[in-house]
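Single-letter residue listing:
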Amino acid sequence: QKRRMAAITGTDVEGLLHFDYLLVALGRRAAAATVGGFHEFAHHLLDLESADKFRSAIDSFTAGSIVVALAPGGTLPIPVCETALGLADKFAAAIKKGTVSVSAVFPRGIDDALHGAGLFRDIGGAFEKKAVDLVENFPVERVTPRALYSVNGSCLRADLLMVVPPSRGHSRLLAQTTG
């Protein structure tokens, strides 16, 4: 009988793991480089420093258009929804006055982004109630200092912009079988 083992190495554990069946879940990695201008012009939540920079930008924001977008291949639509709704709450008076607008942007439909999860059945209603513009079928291709462009050339003006980048799997997994 073959002995099946996996060598585990990390900052807090090291050793051999014996197994009969092994399932490896590597998670995802951001593929932000596929969106032109992402690192230069878009706020994001990929690390604490960037999240803090976004918070500072929100704190100093007084008027204009806020766009929160999910890039094509992005697998985290909930931060887009939560951020758009939270910003709509923060700027509710300015939205009512017409000095601020908030848009939530998705590469395809919102149902597709949420994979039809019944839990989020009325997110469109929540957006409508808080005056968040829902922009569907806008696959982000690139970001500039004041705009977001889709693959078909459409443009959305943005004075404050946060983008959830695409995700991809890890490039490789090295495996060794011992006999």
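Participant: Is there a simple way to explain the pattern of salt bridges in this structure?
Facilitator: Should the charged atoms of two oppositely charged side chains come close, the side chains can pair. Following the criterion strictly, the structure yields five salt bridges and no others. We note a salt bridge from arginine 146 to aspartate 159, for which the minimum N-O separation is 3.3 Å. One end of the pair, arginine 146, is in the loop between strand 7 (140-144) and strand 8 (147-150); the other, aspartate 159, is in the loop between strand 9 (155-157) and strand 10 (160-164), and 13 residues separate them in sequence. Salt-bridge contacts for arginine 157 lead to aspartate 159; the nearest nitrogen and oxygen are separated by 2.8 Å. On the accessibility criterion, arginine 157 (52% relative accessible area) is exposed. Salt bridges here are not isolated pairs; linked through shared partners, they connect Asp52, Arg55 and Asp59.

Participant: Hey, could you run me through the environment of valine 35 in this one?
Facilitator: For valine 35, the position within the fold is in the loop between strand 3 (29-30) and helix 1 (38-41). In this structure, the C-alpha to C-alpha distance between valine 35 and alanine 71, residues 36 residues apart in sequence, is 7.7 Å.

Participant: Where do I start with the nonpolar core in this structure?
Facilitator: What tends to happen in soluble globular proteins is that the nonpolar side chains get buried as a cluster. One finds Ile66, Phe91, Phe106 and Phe127 to be the most contacted residues of the largest nonpolar core, which totals 29 residues. Contributions of two or more residues to this core are made by helix 2 (48-60), strand 4 (64-70), helix 3 (77-90), helix 4 (92-97), strand 5 (100-105), helix 5 (110-113), helix 6 (123-129) and strand 10. Ranked by residues supplied to this core, first place goes to helix 3 with six residues. Not counting chain neighbours up to four residues away, the residues in contact with phenylalanine 91 comprise Ile58, Phe61, Ile66 and Val100.

Participant: Help me understand the sheet that holds strand 10 in this model?
Facilitator: By way of backbone hydrogen bonds, the strands of a sheet pair with one another, either parallel or antiparallel. Here we have four strands laid out as an open sheet, ordered 6-5-4-10, and parallel in their pairing. Each having just a single partner strand, strand 6 (132-135) and strand 10 make up the two edges of the open sheet. For this sheet, the mean inter-axis angle between neighbouring strands, taken without regard to orientation, is 15°. Bridging between strand 5 and strand 6 involves four bridges; their strand directions are parallel. Following the sheet pairing, serine 103 is matched in strand 6 by aspartate 133. Helix-sheet contacts for helix 3 involve strand 4, strand 5, strand 6 and strand 10, and the interaxial angle to strand 4 is about 160°.

How each quantity is defined
Residues numbered from 1 in each chain as written. Predicted model: local features only at pLDDT ≥ 70, side-chain atom pairs only at ≥ 80, totals over all residues. Heavy atoms only, no water. Salt bridge = Lys/Arg side-chain N within 4 Å of Asp/Glu carboxyl O. Helix = DSSP H or I, 4+ residues; strand = E, 2+ residues; numbered from the N terminus. Buried < 20%, exposed > 50% of the residue type's maximum accessible area, 1.4 Å probe, protein only. Core = buried A, V, L, I, M, F, W, Y, C linked by side-chain atoms within 4.5 Å. Contact = heavy atoms within 4.5 Å. Pairing = 2+ DSSP bridges. Axes fitted to C-alpha atoms, helices over the stretch in contact; angles between N-to-C directions.

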